[in-house]
Amino acid sequence: MAKSLHRATTYSILVNLLLFILKAVVGFISNSIAVISEAVNSLTDIISSVAIKYAVKVSSQKPDETHQFGHNAAQPIAAFIVAVFAFVVGIKIVEESIKRIISPEEITIHWAIYIVLGATIIIKIMLSKYQKIIGKKYTSPAMNAAGVDSLNDVLASAIALIGVICVDFGFRFVDGIAGILVAVFIFKTGWEVAKENLDYLMGKSADDKLIFEIANKALKIEGVEGLNDLRSHYVGDKFHIEIHVEVNKDISTTISHDIGKKVKFAIEDMDEVQKVFVHIDPV
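Residues numbered from 1 in each chain as written. Predicted model: local features only at pLDDT ≥ 70, side-chain atom pairs only at ≥ 80, totals over all residues. Heavy atoms only, no water.

Undergrad: Looking at this structure, I do not really get the nonpolar core. What am I missing?
TA: It is characteristic of soluble globular proteins that their nonpolar side chains tend to be buried jointly. Core analysis: the biggest nonpolar cluster contains 22 residues, and Val26, Val35, Ile113, Leu117, Val182 and Ile186 have the highest contact counts within it. Within the residue set of this core, elements represented by two or more residues are α2 (33-59), α3 (74-102), α4 (111-137), α5 (141-168) and α6 (174-201). Top element by residues in this core is α5. It accounts for six residues. (Core = buried A, V, L, I, M, F, W, Y, C linked by side-chain atoms within 4.5 Å. Buried < 20%, exposed > 50% of the residue type's maximum accessible area, 1.4 Å probe, protein only. Helix = DSSP H or I, 4+ residues; strand = E, 2+ residues; numbered from the N terminus.)

Undergrad: Even after reading the chapter, I still don't get the sheet that holds strand β3 (residues 273-282), so can you show me in this structure?
TA: Adjacent strands of a sheet pair through backbone hydrogen bonds, lying either parallel or antiparallel. One open sheet holds the three strands; their spatial order is β1-β2-β3, and the pairing between them is mixed. The outermost strands of the open sheet, each flanked by one partner alone, are β1 (226-235) and β3. Direction aside, neighbouring strands of the sheet carry axes that sit 15° apart on average. Pairing of β1 with strand β2 (residues 238-247), which is carried by nine bridges, proceeds in the antiparallel orientation. Residue pairing for β2: Ser232 is matched across the bridge by Ile241. (Pairing = 2+ DSSP bridges. Axes fitted to C-alpha atoms, helices over the stretch in contact; angles between N-to-C directions.)

Undergrad: It is not clear to me how the packing of α3 against α6 should be interpreted in this structure. Could you clarify?
TA: Pairs of packed helices are described in terms of their axes, by the angle between the two and the distance that separates them. At a closest axis distance of 8 Å, the pairing of α3 and α6 adopts a crossing angle of 160°. If you check the angle between α3 and α6, you find them roughly antiparallel. In the packing of α3 onto α6, the handedness of the crossing is left-handed. Residue classes in the contact of α3 with α6 are distributed as 24 nonpolar, seven polar and two charged. (Parallel < 35°, antiparallel > 145°, perpendicular 65-115°, else oblique. Left-handed = near helix turned anticlockwise from the far one by under 90°. Nonpolar A, V, L, I, M, F, W, Y, C, P; charged D, E, K, R; others polar.)

Undergrad: I keep staring at the packing of aromatic side chains and nothing clicks. Help me out?
TA: Two descriptors summarise a pair of aromatic rings, namely the distance from one centre to the other and the angle between the planes of the rings. In total, this model carries four aromatic pairs according to the counting rule given. Judged by centre distance (6.5 Å) and plane angle (90°), the rings of Phe171 and Phe173 are edge-to-face. The exposure class assigned to Phe171 is partly exposed, which follows from its relative accessible area of 44%. (Phe/Tyr/Trp six-rings, centres within 6.5 Å; stacked < 30°, edge-to-face > 60°.)

Undergrad: Quick question: what am I supposed to make of the pattern of salt bridges here?
TA: A side chain of one charge can pair with a side chain of the opposite charge when the charged atoms of the two come close. Using the criterion set out here, one finds eight salt bridges in the structure. The partner of Arg100 in a salt bridge is Asp175, with the nearest N and O atoms 3.8 Å apart. Of the two residues, Arg100 is situated in helix α3 and Asp175 in helix α6; the sequence distance between them amounts to 75 residues. Asp175 shares its class with Arg100; the two are buried. When the shortest N-O distance is used, the salt bridge between Lys264 and Glu268 registers 2.8 Å. You can see Lys264 and its partner Glu268 sitting in helix α8 (residues 253-268), four residues apart, about one turn around the helix. A relative accessible area of 23% means that Glu268 is categorised as partly exposed. Residues participating in the shared-partner salt-bridge network are Glu96, Arg100 and Asp175. (Salt bridge = Lys/Arg side-chain N within 4 Å of Asp/Glu carboxyl O.)

So this is what it looks like as structure tokens:
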């Protein structure tokens, strides 16, 4: 799993680095705030990918004396930091775009701008699909966040492209408007990523569907006569489960203990669960 996630983050870094260089060059040549905003957007993607790559490395480490339940929180923490960074960048772009609307600057439209922005849209669609597949397959919140960001980049690049076309027709003030709209998508990405990862960091409980699946697994274990309590919360991007199982009060402690272990192992076999704490209640 760790190797696949590392490979995915490496691809993301290389793709975003290439797009940043191309956008920065055509942005400098054209002096378009819409294109420059897109270059900055790609720069944030590079920083995001580097942060995610490091987070994946940390989260894959085994539990130790100082982190006895593992390092799963590394990915949501990295994703949340990326979200905060996106907000800061978005504000800077809005400030510069408003200046451009009030006092439009001379912009040079070059054919390379159309090629770079068009290629960005195609590449980002492909990258988003790839990141979402990897994120879903390995239950990686950081990679899922990257997939959402890449999809938003598609829309942001499309807006920048429309802005450039308008400027080409003589409407220079549209460049600043396009810059603000690109910033809006950066804000949108930051908000979506922050909202999702706050659930991990705040220890949100599992939804009803997962609780139902957990309860069913426990009730299928021979010797379990019922459940009287089941609680859950995120630790990093995985759930910790506390479950009270009812067993016949007349069976031995050893048998009760074995039943508890079977319940524990059955639930911990689920991809969404990291640790299970079983309490035996004789009835």
